[in-house]
Amino acid sequence: MDNTTAAPPPTPSAQPNSQLASSAAAADALSRLLHRLPPTLSLPTRRSNPAATSFPLISLSDPNLQDLLFSASSQLGYFQLTNHNIPSQLATSAELESVSLFELPKDKKESHFPKNWPLGFEGDEYGNGESFLLDAECSTVSTELVLASLPQLTRALEKVGLEVIELLSKGAAFENPLAEDPTRKCSLLWLHGALDGNDGLSGGSYPYIVGLQYQIRCQKYSLLSDSGWVTVLPQVDSIMVTVGDIAQVWSNGRLKKVRGRPVASLGDCEKSSCISMSLFVTLPSESTVSPLLPKVIADGVNAKEDEIGEDEEQDDIHSICKTGRRLFSSFSFEDYAWRVYHEPLLFKDPLDKYRI
């Protein structure tokens, strides 16, 4: 019989530290990699094929149009319009012109549309897809490139957008500055081409009053609303309308908003349907953005603010607007636009900085 006593098993402190060192080295390598990632790269927070949510369908010929638009905008911040006068052939022709732009060699994309922020061509630097940001006339500096349908669609969508803004201003009880001075608005056509199923949700955006997009085919889109990501399935030949951050400030918070443009849901894209054409009715860069309270309220804002007590802090938006309390401070549109454009969409709401 062997009376030799076996050596006891090693204690944790005596274990070789090679595994720990290996794990630490891997963690350090991962940390260095994450710090080198571009700031616009973010993890998606949506399912690849989510179910579509309720999407208000409103006819432009409805006798209760103003009430319907305000109801959808104050509760959701998005809706779709039917019975408009934009022919489907125009939208299809405009999409074909968009396809031809994305098929240009990169050097011609950059030379035909020189960068004059925010206008110009934006390359696929971080895998978000390519974009053209064009003015209302879809201007180019090339004599060999002629665009006909895109400017027509832009003007047609802009006309619908201005009508929507006017009706929303009446429903939300704020003065529409575009009604008396059309020079206070400008339009931005955002053409986006998704690549390899990447819809570019991690990129930035641009501030706007209302956004409009003609629905050419049956395709789901995801919207970043005030309540989070929602997926909608607009009716074919309808106009998808989203209420923007500028409209929310103008209405002093009475309207909900959608941040950025609609993005095609993952897995729903074919080559042509991965190209989106979003029109933003927005403001000139030199503008100042602030709540546009009705004149009868605005005249008494300073006096009434002194009378608002702590109990009224929990008042709903409608009551706050009646008292004249501002929910947003005034800010420079240009500074805000630069921040929104260069900050990833998945970051916190940039309007939070100006909430009072």
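Residues numbered from 1 in each chain as written. Predicted model: local features only at pLDDT ≥ 70, side-chain atom pairs only at ≥ 80, totals over all residues. Heavy atoms only, no water.

Asks: Whenever I open this one, the overall build of the chain confuses me. Can you help?
Replies: A count of helices and strands for the chain gives 11 helices and 13 strands. Going through the 356 residues of the chain one by one, you find that 50% of them count as buried. Restricting the contact set of the chain to residue pairs at least 6 apart, pairs at least 24 apart contribute 75%. (Helix = DSSP H or I, 4+ residues; strand = E, 2+ residues; numbered from the N terminus. Buried < 20%, exposed > 50% of the residue type's maximum accessible area, 1.4 Å probe, protein only. Contact = heavy atoms within 4.5 Å.)

Asks: Explain the sheet that holds strand β7 (residues 221-225) to me, please; I cannot follow it from the model alone.
Replies: Whenever strands of a sheet pair, they do so through backbone hydrogen bonds, lying parallel or antiparallel. Across the sheet, three strands lie side by side as β8-β7-β10; this open sheet has antiparallel pairing. Of all the strands in the sheet, the pair left with one neighbour each is β8 (228-232) and β10 (258-264). Direction aside, the axes of adjacent strands within the sheet are offset by 20 degrees on average. Both β7 and β10 contribute to a ladder of four bridges, which runs antiparallel. Counted as the bridge partner of Leu-224 is Arg-259 from β10. (Pairing = 2+ DSSP bridges. Axes fitted to C-alpha atoms, helices over the stretch in contact; angles between N-to-C directions.)

Asks: Would you take a moment to explain the pattern of salt bridges for this structure?
Replies: Pairing between side chains becomes possible if they bear opposite charge and their charged atoms approach one another. In this structure the tally under the stated criterion is 12 salt bridges. The residue Glu-343 makes a salt bridge to Arg-339 at a minimum N-O spacing of 3.8 Å. The salt bridge involving Arg-355 is made with Asp-352; its shortest N-O contact spans 3.0 Å. By relative accessible area, which is 38% here, Arg-355 ends up partly exposed. Ionic contacts of the salt-bridge type, sharing partners, join the residues Asp-226, Lys-257, Asp-349, Asp-352 and Arg-355 into one network. (Salt bridge = Lys/Arg side-chain N within 4 Å of Asp/Glu carboxyl O.)

Asks: Sorry, what's going on with the pairing of strand β5 (residues 186-193) here?
Replies: Regular strands place side chains that alternate from one sheet face to the opposite one. Summarising burial for β5: seven of the eight residues are buried, a large majority. As judged from the five bridges shared by strand β4 (residues 130-134) and β5, these two strands associate in the antiparallel manner. Among the inter-strand pairings, Glu-130 is bridged to a residue of β5, identified as Gly-193. With eight bridges joining them, β5 and strand β11 (residues 275-282) adopt antiparallel strand pairing.

Asks: Looking at this model, I keep getting lost on the packing of aromatic side chains. Mind explaining?
Replies: In this description, an aromatic ring pair is defined by two values, namely the gap between the centres and the angle between the planes. A full pass over the atoms with the stated rule returns 15 aromatic pairs. Seen in terms of ring centroids, Tyr-208 and Phe-280 are 4.3 Å apart; in terms of plane orientation they differ by 10 degrees. Their pairing is stacked. Residue Tyr-208 is found in the loop between β5 and β6 (210-214), and its partner Phe-280 is found in strand β11; the two are separated by 72 residues along the sequence. Both residues of the pair, Tyr-208 and Phe-280, count as buried. Ring plane angle 75 degrees and centroid distance 5.8 Å describe the contact between Tyr-336 and Tyr-354, whose orientation is recorded as edge-to-face. With Tyr-336 in helix α11 (residues 333-342) and Tyr-354 in the segment after α11, this residue pair connects regions lying 18 residues apart in the sequence. (Phe/Tyr/Trp six-rings, centres within 6.5 Å; stacked < 30°, edge-to-face > 60°.)

Asks: Hey, could you run me through the side chain of Ser-169 in this one?
Replies: Relative to the helices and strands, Ser-169 resides in helix α5 (residues 149-171). Using a relative accessible area of 4% as the deciding quantity, one classes Ser-169 as buried. In this view, Ser-169 contacts Phe-174 and Asn-176; residues no more than four positions away in its chain are not counted.

Asks: Would you mind showing me how to read the pairing of β8 here?
Replies: The sheet contact formed by β7 and β8 spans five bridges and is antiparallel. Within β8, the residue paired with Leu-223 across the bridge is Val-230. Count of turn residues in the β7/β8 antiparallel hairpin: two residues.

Asks: Would you take a moment to explain unusual backbone geometry for this structure?
Replies: Only a minority of non-glycine residues have a phi that is not negative, and only a minority of peptide bonds are not trans. For the peptide bond that leads from Trp-117 to Pro-118, omega is 5 degrees, which places it in the cis range. By the element assignment, Pro-118 lies in the loop between α4 (106-112) and β3 (120-122). Even without being a glycine, Asn-83 presents a positive backbone phi close to 55 degrees. Locating Asn-83 in the fold gives a position in the loop between β2 (78-82) and α3 (88-102). By relative accessible area, which is 54% here, Asn-83 ends up exposed. Although it is not a glycine, Asn-252 sits at a positive phi angle of roughly 60 degrees.

Asks: Sorry, what's going on with the sheet that holds β2 here?
Replies: If you trace the eight strands from one edge of the open sheet to the other, you get β1-β2-β9-β6-β11-β5-β4-β3, paired in mixed fashion. Each edge of the open sheet is held by one strand with a lone partner, namely β1 (57-59) and β3. Direction aside, the axes of adjacent strands within the sheet are offset by 25 degrees on average. Against the sheet, α3 engages β4, β5, β6 and β11, with an angle of about 105 degrees to β11. Here α5 sits on the sheet in contact with β2, β5, β6, β9 (239-243) and β11, set at roughly 45 degrees to β11.

Asks: I'm lost on α11 in this one. Help?
Replies: One full turn of an α-helix is made of 3.6 residues, so residues set three or four places apart face in the same direction. Taken together, the buried positions of α11 are Phe-333, Tyr-336, Ala-337, Val-340 and Tyr-341. Within α11, the buried residues cover an arc of 130 degrees as seen down the axis, which keeps them to one side. Measuring from the backbone nitrogen of Glu-334 back to the side-chain oxygen at the start of α11 gives 3.4 Å, which picks out Ser-332 as the cap. (Arc of directions from axis to C-beta. Polar contact = N/O pair within 3.5 Å; in protein donor to acceptor, adjacent residues only side chain to side chain.)

Read these as geometric descriptors, not functional statements.
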